[in-house]
Amino acid sequence: MKEIYISDEVRAPGDAYAFEDILAVLLSEDEEALRVIYDQADRMRSRHVGEGVHLRGLVEFSNNCSAVCSFCGINALNRGARRYRMTPDEIYGSAAFATGLGYRTIVLQSGEDALYGTDDICRIVERLRTRYGVAVTLSLGERTGPEYERLRGAGADRYLMRFETSDSALYSKLKPGSSLEKRLEHIRRIRDAGFQTGSGIMVGIPGQSVESIARDIMLFRQLDLDMVGSGPFVPHPDTGMGQGPAGSLSLVMKVTALTRIVLPGAHIPATTATGSIDPCGQEMALRVGANVLMPNMTPPGYREKYAIYPGKMCVKESPADSDRTARALISRIGRHVAEGYGHGRSYYLREKGKNG
Ligand code: 5AD
């Protein structure tokens, strides 16, 4: 297999040449051929985003959710999920701990929790920025266009929203009553509000074709994402998709490498789900294109309740443990913790635009 070359003009649909190449990688079982692609991705990671690994402190502040996603353990219909909602002061406590460890980004993640209103989140964002001097990433699910704008106005820097799959029939099965089209519209609104925008997919969803994953990767590029996080699908027994195997580590590695190749400057995490299906998963991802880790800063007691899938790594750990594990991993592979905020590409493009 040869290295994949994607010309710079082609950030548009219908890039058939790239599609065929991407599909060939996804289908390949030839370790030597795949090595070429992994080495290419690792080299591109090194050239475009360097040897620094960005640490983002993840605070899972509420597992209340009004969405009915058939794959997710904290969906509204799962009566077995034990619900919690951290108070703003608890959130600041987690942020204070993370900043004490040197974190420059806090990721606020929750289910679609309407009781945490947009104004409440805005106040928390303002406080995090002024008091702790951190960049703030939000991962709150779907809100309205004006709400995204208010959150951005309050100073939130980034927003994460996976589209999960670009197969619209499969998407409707994952999220009954919703559509891929609507999801992509949300992602566009997030981008238009001025956020550095992150998305991603689950790999190995029952019924997901390899061709559709190739299209997912093409879509990462078309959306010109700042961040792309993908991980294996992991079946949760208390959901409609509780049956069947988890996504395979090898397919996740291919997706990670190809993501780096199509978006050389993106921030790509070695995701928690990847580390949860294999103890070496995150290390492997960092070696084939990933450059971000998101250590869990959620207090013990809450984090085990944020059970979007079973067997999640580090549920028994403390924030200090998660931080230590991440740093040990980074030095083990000869990299270092990146300094600075680690903003995405669109941030720098916007800054350049401002300064003429
Ligand atoms: N397996 C893997 N990933 C999951 N997510 C939710 N449920 C699961 C699961 N069962 C992922 C989704 C979502 C992100 C927050 O967590 O991709 O966007």
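Things to note about the overall build of the chain
(1) Moving on: In terms of regular secondary structure, the chain is built from 13 helices and 11 strands.
(2) Moving on: Taken over C-alpha atoms, the radius of gyration comes to 19 Å for the chain, in line with the 21 Å a tight globule of 356 residues would show.
(3) Moving on: Taken along its principal axes, the extent of the C-alpha atoms in the chain is 55 × 50 × 40 Å.
(4) Moving on: For the chain, with 356 residues in total, the buried portion stands at 57%.
(5) Moving on: Sequence-distant contacts, at least 24 apart, represent 75% of the contacts inside the chain between residues at least 6 apart.
(6) Moving on: Here the chain contributes 45 positive and 43 negative side-chain charges, whose respective centroids are spaced 4 Å apart.

Here we look at the sheet that holds strand 8 (residues 227-228)
(1) Moving on: Pairing in this open sheet of 6 strands is parallel, and the strands run 2-3-4-5-6-8 from one edge to the other. Every interior strand has two partners, whereas the edge strands, strand 2 (57-62) and strand 8, have only one.
(2) Moving on: Direction of pairing for strand 4 (residues 135-139) relative to strand 5 (residues 158-160): parallel, over a ladder of 2 bridges. Across the sheet, T137 pairs through a bridge with R158, a residue of strand 5.

Observations concerning the environment of R183
(1) Moving on: With respect to the helices and strands, the residue R183 is situated in helix 7 (residues 180-192).
(2) Moving on: Assessed through its relative accessible area of 6%, R183 is described here as buried.
(3) Moving on: Remark: the alpha-carbon pair of R183 and Y171, spanning 12 residues in sequence, is separated by 9.5 Å.
(4) Moving on: Discounting chain neighbours no more than four positions away, the residues touching R183 are E112, E142, M161, R162, F163, E164, Y171 and K175.

Remarks on the sheet that holds strand 11 (residues 336-337)
(1) Moving on: The parallel open sheet is built from 3 strands, whose spatial order is 10-1-11. On the outer flanks of this sheet lie strand 10 (292-293) and strand 11, each paired with one strand and no other.
(2) Moving on: Sitting on the sheet, helix 12 (residues 319-332) is in contact with strand 1 (52-55), strand 10 and strand 11, with an inclination near 170° to strand 1.

Re the site of the ligand
(1) Moving on: Residues in close proximity to the ligand include F71, C72, R162, E164, M202, P232, F233, V234, I308 and Y309, which together make up its full environment.
(2) Moving on: Between the ligand and the protein, one listed contact pairs an oxygen atom with a side-chain N or O atom of E164 at 2.6 Å.
(3) Moving on: Contact with the protein chains removes 86% of the 400 Å² of surface that the ligand exposes when unbound.
(4) Moving on: Looking at the shell around the ligand, its residues break down into 8 nonpolar, no polar and 2 charged.

Points about the pairing of strand 3 (residues 105-110)
If a strand is regular, its side chains alternate between the two faces of the sheet.
(1) Moving on: Burial analysis of strand 3 places 6 of its 6 residues in the buried class, the great majority of the element.
(2) Moving on: Judged by which residues are buried, strand 3 turns out to be covered on both faces: T105, V107 and Q109 on one side and I106, L108 and S110 on the other are all buried.
(3) Moving on: Relative to strand 3, strand 2 runs parallel, the two sharing 5 bridges. Bridging from a neighbouring strand, E60 pairs with Q109 of strand 3.
(4) Moving on: Taken together, strand 3, helix 4 (residues 118-132) and strand 4 form a β-α-β motif whose crossover is right-handed.

Re the pairing of strand 2
(1) Moving on: Taking burial as the measure, the 6 residues of strand 2 include 6 buried ones, the bulk of the element.
(2) Moving on: Between the parallel elements strand 2 and strand 3, the chain passes through helix 3 (residues 88-100) in a crossover that is right-handed.

Regarding a negative patch on the surface
(1) Moving on: Judged by side-chain charge, E29, D30, E31 and E32 come together as a negatively charged surface patch.
(2) Moving on: Mapped onto the secondary structure, E31 falls in helix 2 (residues 31-49).

Quick look at the confidence of the model for the chain
(1) Moving on: Across the chain, the average pLDDT comes to 95, with 96% of residues at or above 70.
(2) Moving on: Of the regions scoring below 50 in pLDDT, residues 9-14 engages in 9 contacts with residues more than four places distant in sequence or in other chains.

Remarks on the nonpolar core
(1) Moving on: By size, the foremost hydrophobic cluster in this structure holds 98 residues, and its most contacted members are L108, L128 and L138.
(2) Moving on: Discounting residues that sit within four places of it in the chain, L138 has contacts with L108, I121, V125, L151, A156, R158, Y159 and L160.

Thresholds applied
- Numbering of residues begins from 1 in every chain and follows the order in which that chain's sequence is written.
- Under the rules for a predicted model, residues below a pLDDT of 70 receive no local features and side-chain atom pairs below 80 are neither given nor counted, while totals for whole chains, interfaces and linings still include all residues.
- Only hydrogens and water are set aside; all other atoms, that is, all heavy atoms of the structure, feed into the side-chain values.
- Helical segments are the DSSP runs of H or I of at least four residues, strand segments are the runs of E of at least two, and each set is numbered from the N terminus.
- Computation of the radius of gyration draws on C-alpha atoms, with the globule rule given as 2.2 Å multiplied by the number of residues to the power 0.38.
- Partly exposed describes any residue whose relative accessible area lies between the buried limit of under 20% and the exposed limit of over 50%, with all areas from a 1.4 Å probe on protein chains only and scaled to the type maximum.
- The contact criterion used throughout is that any non-hydrogen atoms of two residues lie within 4.5 Å.
- Residues scored as positive are Lys and Arg, those scored as negative are Asp and Glu, and His as well as the terminal groups of each chain are ignored.
- By convention, charge coordinates are those of NZ in Lys, CZ in Arg, CG in Asp, or CD in Glu.
- Note on pairing: two strands pair once DSSP finds at least 2 bridges between them.
- Interaxial angles span 0 to 180 degrees and are taken between N-to-C directions of axes, which are lines fitted to C-alpha atoms, for helices over the stretch in contact.
- Definition of nearness: a residue and a molecule or strand are near each other if at least one heavy atom of the residue lies within 4 Å of the molecule or strand.
- Any pair of nitrogen or oxygen atoms within 3.5 Å is treated as a polar contact; in protein, a donor-acceptor pairing is required on top of that, and neighbouring residues in sequence qualify only through side-chain atoms on both sides.
- Every accessible area reported is derived by Shrake-Rupley at a probe size of 1.4 Å, with residue values counting cover from the shown protein chains alone.
- Three classes are used: nonpolar for Ala, Val, Leu, Ile, Met, Phe, Trp, Tyr, Cys and Pro, charged for Asp, Glu, Lys and Arg, and polar for all others, with Gly counted as polar.
- A crossover gets the label right-handed when its path from the first strand over the helix to the second runs clockwise, viewed with the strands pointing away from the viewer.
- Only residues above 30% relative accessible area that lack a salt bridge enter a patch, with like-charged residues linked at up to 9 Å and the nonpolar side chains Val, Leu, Ile, Met, Phe, Trp and Tyr linked at up to 5 Å.
- Every case where a carboxyl oxygen of Asp or Glu lies within 4 Å of a side-chain nitrogen of Lys or Arg is listed as a salt bridge.
- Per residue, pLDDT captures the predictor's confidence, and it can take any value from 0 to 100.
- Residues belong to a common nonpolar core when they are buried Ala, Val, Leu, Ile, Met, Phe, Trp, Tyr or Cys residues joined through side-chain atoms within 4.5 Å.

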